[in-house]
Amino acid sequence: MCSHAETVKVIDRADGKAKVYILARHDGLFEYRGNAEIQGDEYEGIYWSPTEQSGLFASAHEAERAALDDVPWLRHQFRTPLD
């Protein structure tokens, strides 16, 4: 997904139409990025587009907690905080 980072975890929305990636950057920091399936017009069809992008965090756990706070569908899908 990103050349500057490795994917630590992928969280899929229940309907499969959105994802959040928890990323370990090569500089030792962590971030999250979201992608969602978009229904384009008759020429584009369905495609994936970037959505959310976080700041930087000291741990994957912190990045995941921030994603839970920031991404609406994650808050609804996971009603309790992630451990």
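Residues numbered from 1 in each chain as written. Predicted model: local features only at pLDDT ≥ 70, side-chain atom pairs only at ≥ 80, totals over all residues. Heavy atoms only, no water.

## Considering the overall build of the chain
- Tallying secondary structure elements over the chain gives 2 helices and 4 strands in all.
- Going from the N terminus to the C terminus, the chain shows its helices and strands as β-β-β-β-α-α.
- Over its C-alpha atoms, taken along the principal directions, the chain stretches across nearly 45 × 30 × 15 Å.
- Here the chain holds 83 residues, and 35% of them are scored as buried.
- For the chain, the proportion of contacts with a sequence separation of at least 24, taken over those separated by at least 6, is 34%.
- As presented, the chain carries roughly 5200 Å² of accessible surface, and 49% of it is formed by carbon and sulfur atoms. (Helix = DSSP H or I, 4+ residues; strand = E, 2+ residues; numbered from the N terminus. Buried < 20%, exposed > 50% of the residue type's maximum accessible area, 1.4 Å probe, protein only. Contact = heavy atoms within 4.5 Å. Areas by Shrake-Rupley, 256 points an atom, 1.4 Å probe, with all protein chains shown as cover.)

## Details of the nonpolar core
- One finds Val20, Ile22, Tyr32, Val71, Trp73 and Leu74 to be the most contacted residues of the largest nonpolar core, which totals 17 residues.
- Mapped by element, the contributors of at least two residues to this core are strand S2 (18-25), strand S3 (30-39), helix H1 (60-70) and helix H2 (72-77).
- Ranked by residue count, the leading element in this core is H1, at 5 residues.
- Apart from the residues lying within four places of it in its own chain, the contact partners of Ile22 are Glu6, Thr7, Val8, Lys9, Glu31, Tyr32, Ala60, Ala63 and Glu64. (Core = buried A, V, L, I, M, F, W, Y, C linked by side-chain atoms within 4.5 Å.)

## Comments concerning the pattern of salt bridges
- Considering all chains together, one arrives at 7 salt bridges under this definition.
- Residue Asp27 is joined to Arg25 by a salt bridge in which the shortest nitrogen-to-oxygen separation is 2.7 Å.
- Relative accessible area serves as the criterion here: at 44%, Asp27 is assigned to the partly exposed category.
- We classify Arg25 as partly exposed; its relative accessible area is 22%. (Salt bridge = Lys/Arg side-chain N within 4 Å of Asp/Glu carboxyl O.)

## Structural notes on H1
- Within the sequence span of H1, burial applies to Ala60, Ala63, Glu64, Ala66, Ala67 and Leu68.
- Next to the buried residues of H1 lie strand S1 (5-12), S2, S3 and H2.

## A short note on the pairing of S1
- When S1 meets S2, the two strands line up antiparallel, connected through 7 bridges. Looking at S2, one finds that Asp12 is bridged to Lys19.
- Counting the residues between successive antiparallel strands, the hairpin from S1 to S2 contains 5 residues, one of them, Gly16, with a positive phi of roughly 75 degrees. (Pairing = 2+ DSSP bridges.)

## Thoughts on the sheet that holds S1
- Read from one edge of the open sheet, 4 strands run S1-S2-S3-S4, paired in antiparallel fashion. In the strand order of this sheet, the two ends are held by S1 and strand S4 (46-53), each with one partner. The sheet shows a mean angle of 30 degrees between the axes of neighbouring strands, direction not considered.
- Of the pairings in the sheet, the one linking S3 to S4 comprises 6 bridges and is antiparallel in character. Bridging across to S4, Gln39 finds its partner in Ile46.
- Sitting on the sheet, H1 touches S1, S2 and S3, and the angle it makes with S3 is about 40 degrees. (Axes fitted to C-alpha atoms, helices over the stretch in contact; angles between N-to-C directions.)

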